Amino acid sequence: YYPDFTAEGVSALVRKYHYQFGIGCLIFDYIKLPDADLQLIGNVKEHQALGYLCVSLKNIAGQLGIPVVTAAQIGRGGANKGHVTSSDFADSDRILRYANTLMGLSSKTKDEMLQLEEQYGRDQARAMGTHRLQILDARAGGTNFAGLDVYFRKEILTMSEASVQLSDLNRS
């Protein structure tokens, strides 16, 4: 919990834990500015400050040789539509500039779930999960735009690969 973080503070903390405990990955809650920074940025635009945060996270990943996993908010246009695209993320141009891989986690729509139940039966549709994890953009190329079916349980924050993948059923 680090409510009034700074990019420099996060970098220092990650270095400390990397050297003291050998952490091999940084999971950063999501790309945003702390409320205190919104008042202090002055002549710097918010999207520029977000870009600076992204650069700082990417730099610490490179310096320490560890992956950084973070999240970003989906804008209003991307909410509740089932499949997301990279342009659905708030400030996506700044985030995309620095991301190696951009993934999107979205709920399957009610209509989509009903269609899966009609086509495959209720049990099979449930086995296909409640959400979809999509690779939206990757610097290394090659993406799975259809996504990976996952079961996302919000009550206790767990996520697991769905026992049945729609892509496997479509190959049969």
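Model, not experiment: these values are computed from the prediction.

A.B. asks: Pulling in residues and values, what's your account of the overall build of the protein?
C.D. replies: For the protein, the helix and strand inventory stands at seven helices and six strands. Within the span of the protein, comprising 172 residues, buried residues form 33% of the whole. Nonlocal contacts in the protein, meaning residues at least 24 apart in sequence, comprise 56% of its contacts between residues at least 6 apart. Summed over all atoms, the accessible surface of the protein reaches about 11,100 Å², with 51% contributed by carbon and sulfur.

A.B. asks: Please give an account of the environment of Ala162 that cites residues and values.
C.D. replies: Position of Ala162 among the secondary structure elements: in the loop between strand E6 (158–161) and helix H7 (166–171). Relative accessible area serves as the criterion here: at 5%, Ala162 is assigned to the buried category. Taking the C-alpha atoms as reference points, Ala162 and Gly129, separated by 33 residues in sequence, lie 5.0 Å from one another. Beyond its immediate chain neighbours, meaning those up to four positions away, Ala162 contacts Ala127, Met128, Gly129, Asp149, Val150 and Tyr151.

A.B. asks: Describe the sheet that holds strand E4 (residues 131–138), and please don't skip the residues or the numbers.
C.D. replies: One open sheet accounts for four strands, arranged E3-E4-E5-E6; its pairing is antiparallel. Either end of the sheet is taken by a strand with one partner, and the two such strands are strand E3 (101–107) and E6. Recorded for the sheet is a direction-independent mean angle of 35° between the axes of neighbouring strands. Bridge count between strand E5 (residues 148–153) and E6: four bridges; the pairing is antiparallel. Pairing of Tyr151 across the sheet is with Ser160, part of E6.

A.B. asks: An account of the pattern of salt bridges is requested, with residue identities and associated values reported.
C.D. replies: Scanning all chains against the criterion turns up two salt bridges. Between Glu112 and Arg132 there is a salt bridge, and its shortest N-O distance comes to 2.0 Å. Placement of Glu112 in helix H5 (residues 110–120) and of Arg132 in strand E4 is noted, with a sequence separation of 20 residues between them. Here Glu112 matches Arg132 in class, with each residue buried.

A.B. asks: So what's going on with the nonpolar core? Which residues, and what values?
C.D. replies: Val10, Val14, Leu26, Phe28, Ile31, Leu53 and Leu57 are the most contacted members of the largest nonpolar core, which has 16 residues in total. Sorting the residues of this core by element identifies helix H1 (7–21), strand E1 (26–28) and helix H3 (46–64) as the ones contributing at least two each. Ranked by residues supplied to this core, first place goes to H3 with seven residues. With near-sequence residues (within four places) excluded, Leu57 lies in contact with Val10, Leu26, Phe28, Ile31 and Val68. If you look at the next biggest cluster of nonpolar residues, it comprises six residues, including Met113, Leu116, Ala125 and Ala127.

A.B. asks: Any chance you could break down H5 for me, citing the residues and the numbers?
C.D. replies: Residues of H5 that are buried include every one of Glu112, Met113 and Leu116, and no others. Here the buried residues of H5 occupy an arc of 100° about the axis, which is enough to place them on one side. In H5, the exposed positions angled more than 90 degrees off the buried face are occupied by Lys110, Asp111, Gln115 and Glu118. Gly121 lies just past H5 and shows a positive phi near 95°.

A.B. asks: With reference to specific residues and values, describe the pairing of E4.
C.D. replies: Working note: regular strand, side chains alternate between the two faces of the sheet. The pairing of E3 with E4 spans seven bridges and is classified as antiparallel. What sits directly across from Leu105, in E4, is Leu133. Strand direction decides the pairing type here: E4 and E5, joined by three bridges, are antiparallel. The residue of E5 that forms the bridge with Leu133 is Leu148.

A.B. asks: Summarise the confidence of the model for the protein; cite the residues concerned and give the values.
C.D. replies: Model confidence for the protein is summarised by a mean pLDDT of 79, while 80% of its residues fall at 70 or above. Within the protein, helix H2 (residues 35–40) has the poorest average pLDDT of any element, 55, and H1 the best, 93.

Calculation rules
- Residues numbered from 1 in each chain as written.
- Predicted model: local features only at pLDDT ≥ 70, side-chain atom pairs only at ≥ 80, totals over all residues.
- Heavy atoms only, no water.
- Helix = DSSP H or I, 4+ residues; strand = E, 2+ residues; numbered from the N terminus.
- Buried < 20%, exposed > 50% of the residue type's maximum accessible area, 1.4 Å probe, protein only.
- Contact = heavy atoms within 4.5 Å.
- Areas by Shrake-Rupley, 256 points an atom, 1.4 Å probe, with all protein chains shown as cover.
- Pairing = 2+ DSSP bridges.
- Axes fitted to C-alpha atoms, helices over the stretch in contact; angles between N-to-C directions.
- Salt bridge = Lys/Arg side-chain N within 4 Å of Asp/Glu carboxyl O.
- Core = buried A, V, L, I, M, F, W, Y, C linked by side-chain atoms within 4.5 Å.
- Arc of directions from axis to C-beta.
- pLDDT = per-residue confidence, 0-100.

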